[in-house]
Amino acid sequence: MDKKFWGDDKCNGCEICLKVCPAGNIEMKNEKPSWLHRCEQCLACIQWCPQEAIQYGKKTIKYQRYHHPEISLKNMLEQANAS
Ligand code: SF4
Ligand code: SF4
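The rules behind these values
Residues numbered from 1 in each chain as written. Chains lettered and ligands numbered in written order. Predicted model: local features only at pLDDT ≥ 70, side-chain atom pairs only at ≥ 80, totals over all residues. Heavy atoms only, no water. Helix = DSSP H or I, 4+ residues; strand = E, 2+ residues; numbered from the N terminus. Buried < 20%, exposed > 50% of the residue type's maximum accessible area, 1.4 Å probe, protein only. Near = heavy atom within 4 Å. Nonpolar A, V, L, I, M, F, W, Y, C, P; charged D, E, K, R; others polar. Pairing = 2+ DSSP bridges. Contact = heavy atoms within 4.5 Å. pLDDT = per-residue confidence, 0-100. Core = buried A, V, L, I, M, F, W, Y, C linked by side-chain atoms within 4.5 Å.

1. What to know about unusual backbone geometry
Now for step 1: Residue E15 is not a glycine yet carries a positive backbone phi of 75°.
Now for step 2: Of note, E15 is situated in the loop between strand 1 (5-7) and helix 1 (16-20).
Now for step 3: Judged by relative accessible area, which is 32%, E15 ranks as partly exposed.
Now for step 4: A positive phi angle is found at Q41, which is not glycine, with a value near 55°.
Now for step 5: If you trace the backbone, Q41 turns up in the loop between strand 3 (32-35) and helix 2 (44-48).

2. Overview of the site of ligand 2
Now for step 1: Around ligand 2 sit 13 residues in total, of which C21, C39, C42, L43 and C45 are the nearest.
Now for step 2: Grouping the constituent residues of the shell around ligand 2 by class yields ten nonpolar, two polar and one charged.

3. Considering the pairing of strand 3
Now for step 1: Across four bridges, strand 2 (residues 26-29) lies against strand 3 in antiparallel orientation. For E27, the partnering residue across the bridge sits in strand 3 and is S34.
Now for step 2: Adjacent in sequence and paired antiparallel, strand 2 and strand 3 are bridged by two residues, among which N30 carries a positive phi angle near 50°.

4. Describing the site of ligand 1
Now for step 1: Near ligand 1, the surroundings consist of 13 residues, among which C11, C14, E15, C17 and C49 are the closest.
Now for step 2: For the shell around ligand 1, the class distribution of residues is nine nonpolar, three polar and one charged.

5. Re the side chain of S34
Now for step 1: By the element assignment, S34 lies in strand 3.
Now for step 2: By relative accessible area, S34 is classed as buried at 16%.
Now for step 3: For S34, the contacting residues outside a window of four places in its chain are N25, I26, E27 and K29.

6. Quick word on the confidence of the model for the protein
Now for step 1: Of the residues in the protein, 99% reach a pLDDT of 70 or more, and the chain-wide mean stands at 95.
Now for step 2: The secondary-structure element of the protein with the lowest mean pLDDT is helix 3 (residues 73-82), recorded at 89, while strand 3 shows the highest, at 98.

7. Here's the deal with the environment of D9
Now for step 1: Mapped onto the fold, D9 is located in the loop between strand 1 and helix 1.
Now for step 2: Taking the C-alpha atoms as reference points, D9 and Q51, 42 residues apart in sequence, are found 9.6 Å from one another.

8. A look at the nonpolar core
Burial of nonpolar side chains together is a common tendency in soluble globular proteins.
Now for step 1: In terms of nonpolar packing, the biggest core is built from twelve residues, these being F5, C11, C17, C21, A23, I26, W35, C45, I46, C49, A53 and I54.
Now for step 2: Those residues in contact with C21 that lie beyond four places of it in its chain are I26 and A80.
Now for step 3: Core analysis: the second largest hydrophobic core is formed by five residues, V20, A44, W48 and M76 among them.

Right, dumping it as C-alpha cells:
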C-alpha cells in the first residue's frame, strides 16, 4: 500500500513524518524517508510534512496539503507516541 510514497527534493530531513506516523512505518535512509510496508493509509505523513515534500505517485505534486485547524503538530506527536 505504501510503495507509491516518496520524498522529493524539498525534504530537509526533519523526521516529522517519522514521528507522526502511528504505525512506525517510516525510517530515515540517507536523510530521506523510507516506507516499511506496514502503512495504515492515514496520510498523516503527507499532510504534516512541513516542506510538503512527501508525494504519493505523481498526483500529489499539485495538491495542497490539509489538516484540521484545531489539531496541532504537538497533538499529533502525542497521539503517535500513545499508539
Ligand atoms: S517531514 Fe518532510 S521534510 Fe521532514 S523528513 Fe519527512 S519528508 Fe522530509
Ligand atoms: S500514511 Fe499514515 S501509516 Fe502510512 S506511512 Fe504515512 S503516517 Fe504512516
